[in-house]
Amino acid sequence: QVTLVESGGGLVQAGGSLRLSCAASGRTLSNYVMGWFRQAPGKEREFVVAISWSGLITLYADSVKGRFTISRDNAKNTVYLQMNSLKPEDTAVYYCAADRLSASRWRIGAAYNYWGQGTQVTVSS
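Summarised in this report is the structure supplied together with it. (Residues numbered from 1 in each chain as written. Predicted model: local features only at pLDDT ≥ 70, side-chain atom pairs only at ≥ 80, totals over all residues. Heavy atoms only, no water.)

Before going further, it helps to examine the overall build of the chain. Looking only at helices and strands, the chain has 0 helices and 11 strands in total. For the chain, the α and β elements follow one another from N to C terminus as β-β-β-β-β-β-β-β-β-β-β. For the chain, the C-alpha radius of gyration of 13 Å lies close to 14 Å, the compact-globule estimate for 125 residues. Projecting the C-alpha coordinates of the chain onto the three principal axes gives extents of approximately 40 × 25 × 25 Å. Counting only residues that meet the buried cut, the chain has 46% of its 125 residues in that class. (Helix = DSSP H or I, 4+ residues; strand = E, 2+ residues; numbered from the N terminus. Rg over C-alpha atoms; globule rule 2.2 N^0.38 Å. Buried < 20%, exposed > 50% of the residue type's maximum accessible area, 1.4 Å probe, protein only.)

The alternating pattern of strand β11 (residues 119-124) places Thr 119, Val 121 and Val 123 on a buried face, while none of Gln 120, Thr 122 and Ser 124, on the opposite face, is buried. Both strand β2 (residues 10-13) and β11 contribute to a ladder of 4 bridges, which runs parallel. Bridging across to β11, Gly 10 finds its partner in Val 121. As paired elements, strand β9 (residues 92-99) and β11 share 3 bridges and run antiparallel to each other. Residue pairing for β11: Tyr 94 is matched across the bridge by Thr 119. (Pairing = 2+ DSSP bridges.)

Below, the discussion takes up the sheet that holds strand β1 (residues 3-7). Read across the open sheet, the 4 strands follow the order β1-β3-β8-β7; overall the sheet is antiparallel. Across the chains shown, the open sheet's two edge strands, defined by having one partner strand only, are β1 and β7 (68-73). Here the average twist between neighbouring strands, direction ignored, is 15°. As judged from the 6 bridges shared by strand β3 (residues 18-25) and strand β8 (residues 78-83), these two strands associate in the antiparallel manner. In the strand pairing of β8, Leu 18 is matched with Met 83. (Axes fitted to C-alpha atoms, helices over the stretch in contact; angles between N-to-C directions.)

Here the focus is the nonpolar core. Note on soluble globular proteins: their nonpolar side chains tend to be buried together. Core analysis: the largest hydrophobic core is formed by 40 residues, its most contacted members being Leu 4, Trp 36, Phe 68, Leu 81, Met 83 and Tyr 94. Secondary structure elements with two or more residues in this core: β3, β4 (33-39), β5 (46-51), β7, β8, β9 and β11. Contacts of Phe 68, omitting those with residues within four sequence positions, involve Arg 38, Val 48, Tyr 60, Leu 81, Gln 82, Met 83, Asn 84, Leu 86, Asp 90 and Tyr 94. (Core = buried A, V, L, I, M, F, W, Y, C linked by side-chain atoms within 4.5 Å. Contact = heavy atoms within 4.5 Å.)

To continue, consider the environment of Ala 50. Among the structural elements, Ala 50 can be located in strand β5. Sequence spacing of Ala 50 and Arg 107 is 57 residues, and the spatial spacing of their C-alpha atoms is 7.8 Å. With residues near it in sequence (within four places) discarded, Ala 50 still touches Val 33, Met 34, Gly 35, Ile 57, Thr 58, Leu 59, Ile 70, Trp 106 and Tyr 112.

In structure tokens, the structure reads:
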């Protein structure tokens, strides 16, 4: 069993930055892909970004490419999401997810078995 806990959400003005963290516990995360998804009110959950166990491979949604950066510290069992140049449309609950997945499934939320409780990010205009 893997437990994921997100933190770092909050209210920020457009153009600002936030850094989300997702701390994992419960078992070793060897070979686990870590991903971030988000869900805005009235919308479906959408893929944001994912990172391989090694941290060498990342996959970004086009909507955040160039503004968001994912990283991980396996010694701390933590993954980070640095969000810069935030826009009002980035407002959502952000969830981290983990599982052992092939790269072709990283974008698919239903493929992940482990999820955090979510952290709210609100970007004001």
